[in-house]
Amino acid sequence: MDSPFPFGFPGPTAFYLVTFVLTLVSHVVFMNYVLAGTGVLVVRRIRGKTEANDAIVDLLRDWLPFALSAAITAGIAPLLFIQILYKKSFYTANLLLFHRWMLILPALIVGFYLLYAQKTAFVKERPRLGVLVPMGALACFLFTALSWTENYLLARSEAAWAPMYASKAMIYENGEILPRMLLWTLGALPTLSVLLGWQLHRRERAGKLADAASFRSVAWIGLGGLVVAGACAAGYATLVGPEARAHAIGPMARPWLVAAAIGVVVEAAGFLGLLRAEAGRGRALAVASAGLFLVILGTTVVREVLRITAVDFVALYAEHARAAEVSGRWLFLGFFLVNAMLAAWAIRTALTRATRAAG
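This is a predicted model, so every value here is computed, not measured.

Definitions and limits used
Residues numbered from 1 in each chain as written. Predicted model: local features only at pLDDT ≥ 70, side-chain atom pairs only at ≥ 80, totals over all residues. Heavy atoms only, no water. Phe/Tyr/Trp six-rings, centres within 6.5 Å; stacked < 30°, edge-to-face > 60°. Buried < 20%, exposed > 50% of the residue type's maximum accessible area, 1.4 Å probe, protein only. Lys NZ or Arg CZ within 6 Å of the ring centre and 35° of its normal. Core = buried A, V, L, I, M, F, W, Y, C linked by side-chain atoms within 4.5 Å. Helix = DSSP H or I, 4+ residues; strand = E, 2+ residues; numbered from the N terminus. Salt bridge = Lys/Arg side-chain N within 4 Å of Asp/Glu carboxyl O. Arc of directions from axis to C-beta. Axes fitted to C-alpha atoms, helices over the stretch in contact; angles between N-to-C directions. Parallel < 35°, antiparallel > 145°, perpendicular 65-115°, else oblique. Left-handed = near helix turned anticlockwise from the far one by under 90°. Contact = heavy atoms within 4.5 Å. Patch = residues over 30% accessible without salt bridge, like charges linked within 9 Å, V, L, I, M, F, W, Y side chains within 5 Å. Areas by Shrake-Rupley, 256 points an atom, 1.4 Å probe, with all protein chains shown as cover.

**A closer look at the packing of aromatic side chains**
Argument step 1. On inspection of all chains with the given rule, the structure shows 13 aromatic pairs.
Argument step 2. Ring centres of Phe112 and Tyr113 lie 5.8 Å apart, and the angle between their planes is 85°; on these two criteria the pair is classed as edge-to-face.
Argument step 3. On the basis of relative accessible area, Tyr113 is assigned to the exposed category, the value being 56%.
Argument step 4. Among the aromatic side chains, those forming a connected cluster through ring pairs are Phe5, Phe9, Tyr86, Phe313 and Tyr317.
Argument step 5. The aromatic ring of Phe215 is capped on one face by Arg281, whose charged end is 4.2 Å from the ring centroid.

Now the structure itself:
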């Protein structure tokens, strides 16, 4: 494992790793929009902002339910690939967390309906409900994030499996959980900023409410997210131990860590450009988007390298080869492309009709 990811692995293993990372990146984009967007919506509601006087609240109120649907749909593919890549550790973590783990399903369902409820006239006419409803949705999504963080860390820690089974505990206690969750939760803010920026840009071109103050707010949210997430990453690095730190800067992860660091600089430059721009905001958003892609891809790979090096990954090569012999890869890729095109067509149709309605 001395080659940059994903080189140095057998063919089937490399295929599943690359496909897992790429599909996980698409899931992370929508997930970040939901997690950070719900948090920003709560804060702006508390500050008295409404869809009538704030373009950001209006966009989040409209698009969060769709973004959650997209996040769940995009999460299916990486959920399938993780079972091929880490069958024993993933299943063991699921079984040990048991009912606590399965609670993410009702939590997501409740959160989904709360996002729709906050669009109703009943909630709109009651300012307190306008705060409490998205707050309830945020609690559901934070619980889901906490559960996935627990699952990831427990699956990596084989030494904790037997004591946890013996104790019958359904809560995994690990000092990395909260710092890690903070890192990924606050790190969602720059993604939200880039996506909101493009939504505002589109509104501006369509002649709808998208004032300069909204663009500045988006840029500050993005810059603030980069700063706090960077601080969390530095703090988290002190907790993971010398072995994990060595793997994070080792030959397998180093190019991707450098790519993520470059991405942070590029993304910050894009947000600063957006902050200063009076026109031509598309260029600043394109720069921020390029940086965002590098950050998400780089950090996702580093995250995966830490998991690969924490388990006996070589022993899993034979299972990956057997899974590859079963085939289905090309069928998956075919359906993935078809569904991606259908999703793009549906989004384009919704945006076109919204523009016509505004006109």
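**Quick word on the nonpolar core**
Argument step 1. If you look at the biggest cluster of nonpolar residues, it comprises 90 residues, and the most contacted ones within it are Phe5, Phe9, Leu60, Leu154 and Phe313.
Argument step 2. When residues in this core are grouped by element, the largest group, 15 residues, is from helix α1 (residues 11–46).

**Side note on the pattern of salt bridges**
Opposite charge on two side chains permits pairing when their charged atoms draw close.
Argument step 1. In total, this model carries twelve salt bridges according to the counting rule given.
Argument step 2. Between Arg44 and Asp54 there is a salt bridge, with its nearest N and O atoms 2.7 Å apart. Of the two residues, Arg44 is situated in helix α1 and Asp54 in the loop between α1 and α2 (55–85); the sequence distance between them amounts to ten residues.
Argument step 3. Of the charged contacts, one joins Arg203 and Asp58 as a salt bridge, the two residues approaching to 2.6 Å between their closest N and O atoms. Of this pair, Arg203 sits in helix α9 (residues 188–206) while Asp58 sits in helix α2, and the two are 145 residues apart along the sequence.
Argument step 4. Residue Arg203 is classed as buried on the basis of its relative accessible area of 8%.
Argument step 5. Each of the salt bridges in this network shares a partner with another, and the network as a whole consists of Arg45, Glu51 and Lys124.

**Notes on helix α14 (residues 317–326)**
Residues spaced three or four apart along an α-helix face the same direction, because each turn holds 3.6 residues.
Argument step 1. Within the span of α14, buried status applies to Tyr317, His320, Ala323 and Ala324. The buried residues of α14 occupy one face: seen down the axis, they fall within an arc of 120°. The exposed set on the far side of α14, more than 90 degrees from its buried face, consists of Arg322, Glu325 and Val326.
Argument step 2. Phi for Gly328, located one or two positions after α14, is positive at around 100°.

**Things to note about the packing of helix α8 (residues 177–186) against helix α10 (residues 212–237)**
Argument step 1. Two elements in contact, α8 and α10, have axes separated by 8 Å at closest approach and are oriented at 155°. As summarised for this structure, α8 and α10 are arranged roughly antiparallel, according to the angle between their axes. In this structure, α8 meets α10 at a crossing whose hand is left-handed. Counting all contacts with α8, which are made through Pro179, Arg180, Leu182, Leu183 and Leu186, the residues of α10 involved are Gly225, Val228, Ala229, Cys232, Ala233 and Tyr236.

**Quick notes on the side chain of Arg156**
Argument step 1. Summarising the element assignment, Arg156 is placed in helix α6 (residues 127–156).
Argument step 2. Aside from chain neighbours lying at most four places away, what touches Arg156 is Glu176, Leu306, Arg307, Ala310 and Val311.

**Focus: the environment of Arg156**
Argument step 1. Judged by relative accessible area, Arg156 falls into the buried class, the value being 14%.
Argument step 2. The spatial distance from the C-alpha of Arg156 to the C-alpha of Trp330 is 30 Å, given a sequence separation of 174 residues.

**Quick notes on a nonpolar patch on the surface**
Argument step 1. Residues Phe336, Leu337, Val338, Met341 and Leu342 make up a contiguous nonpolar surface patch of roughly 490 Å² in combined accessible area.
Argument step 2. For Leu342, the location among the structural elements is in helix α15 (residues 329–358).
Argument step 3. When its relative accessible area of 48% is taken as the criterion, Leu342 is described as partly exposed.

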